[in-house]
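Fold and geometry: a report
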Amino acid sequence: MRLGAPSLQQLVRQARDEPQVFLPHVVPHPAGTWIGLGSVALGAWAHGRDVSPMVQWIALAGLLVGMWLYARLKRAEAGWQVDFAARSIAPRGLPGEPVSLDDSGWSLACAPGERRSSVAIDLRHADRGRVARLYDSGPRLRGTKMTHLNELADVLAERLRIARSGPRL
């Protein structure tokens, strides 16, 4: 479930068809955290008190729902705006400076992501190394999602007219 965050397949479509694409930084929605913390507080309050066991079961169920929401419900907070005509990449809500891809030495690479079993698309420069992490897939990327990630990297590189380096995963 993604709240306000496009799927990888939607990003590939946008990168192919539109003059600009926004590559979001996808993070867990805070609803899972708040429900989980509220449930822990309810359970701590009910512990050792003369309350119905149903209250403790509700606290446990709420904690499990909060954990599930934290893992499944995502939202886009900030990210990178890619403008194909201007051949530029600019941060939106992230620290960093806009990058113009006018000179040579630029490439896009698929590389290991920040979290375990995640894959990222990085903007690299031959002299400076990694300049920006444009997209991080999140954990559990397999099968068709991996194909879509490779497609996204290929389409971005082609439309920005820069090299695609790194393995095709």
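See the structure printed just above.
Below: a short report on this structure.

Conventions we followed
Residues numbered from 1 in each chain as written. Predicted model: local features only at pLDDT ≥ 70, side-chain atom pairs only at ≥ 80, totals over all residues. Heavy atoms only, no water. Helix = DSSP H or I, 4+ residues; strand = E, 2+ residues; numbered from the N terminus. Expected span 1.5 Å × (residues − 1). Buried < 20%, exposed > 50% of the residue type's maximum accessible area, 1.4 Å probe, protein only. Arc of directions from axis to C-beta. Contact = heavy atoms within 4.5 Å. Pairing = 2+ DSSP bridges.

In this model helix H2 (residues 30-46) runs 24 Å from its N-terminal to its C-terminal C-alpha over 17 residues, within 8% of the 24 Å that 1.5 Å per residue would give. Here H2 has its buried residues at Gly32, Gly36, Ser39 and Ala46. Buried residues of H2, viewed axially, fall in a sector of 95°; they line one side. Exposed side of H2, more than 90 degrees from the buried face: Trp34 and Ala44 are the residues found there. In this structure, the buried side of H2 is in contact with helix H3 (53-72). Glycine 48 sits one or two residues past H2 and shows a positive phi near 80°.

For strand S7 (residues 119-125), the buried fraction is high: 6 of the 7 residues fall into the buried class. Of the pairings in the sheet, the one linking S7 to strand S8 (residues 129-136) comprises 6 bridges and is antiparallel in character. In the strand pairing of S8, aspartate 122 is matched with arginine 133.

Here strand S4 (residues 88-92) shows one buried face, formed by Ile89 and Pro91, and one open face, formed by Ser88, Ala90 and Arg92. Where strand S3 (residues 74-83) lies against S4, 5 bridges are found, and the strand directions are antiparallel. Of the residues in S4, the one forming a bridge with aspartate 83 is serine 88. Count of turn residues in the S3/S4 antiparallel hairpin: 4 residues, of which arginine 87 carries a positive phi of about 50°. Examined bridge by bridge, S4 and strand S5 (residues 99-100) share 2 bridges and lie antiparallel to one another. Each bridged residue has a counterpart across the sheet, and for serine 88 the counterpart in S5 is serine 100. The antiparallel pairing of S4 with S5 creates a hairpin that spans 6 residues between the two strands, and glycine 93 there sits at a positive phi of about 80°.

The analysis is restricted to geometry; functional conclusions fall outside its scope.
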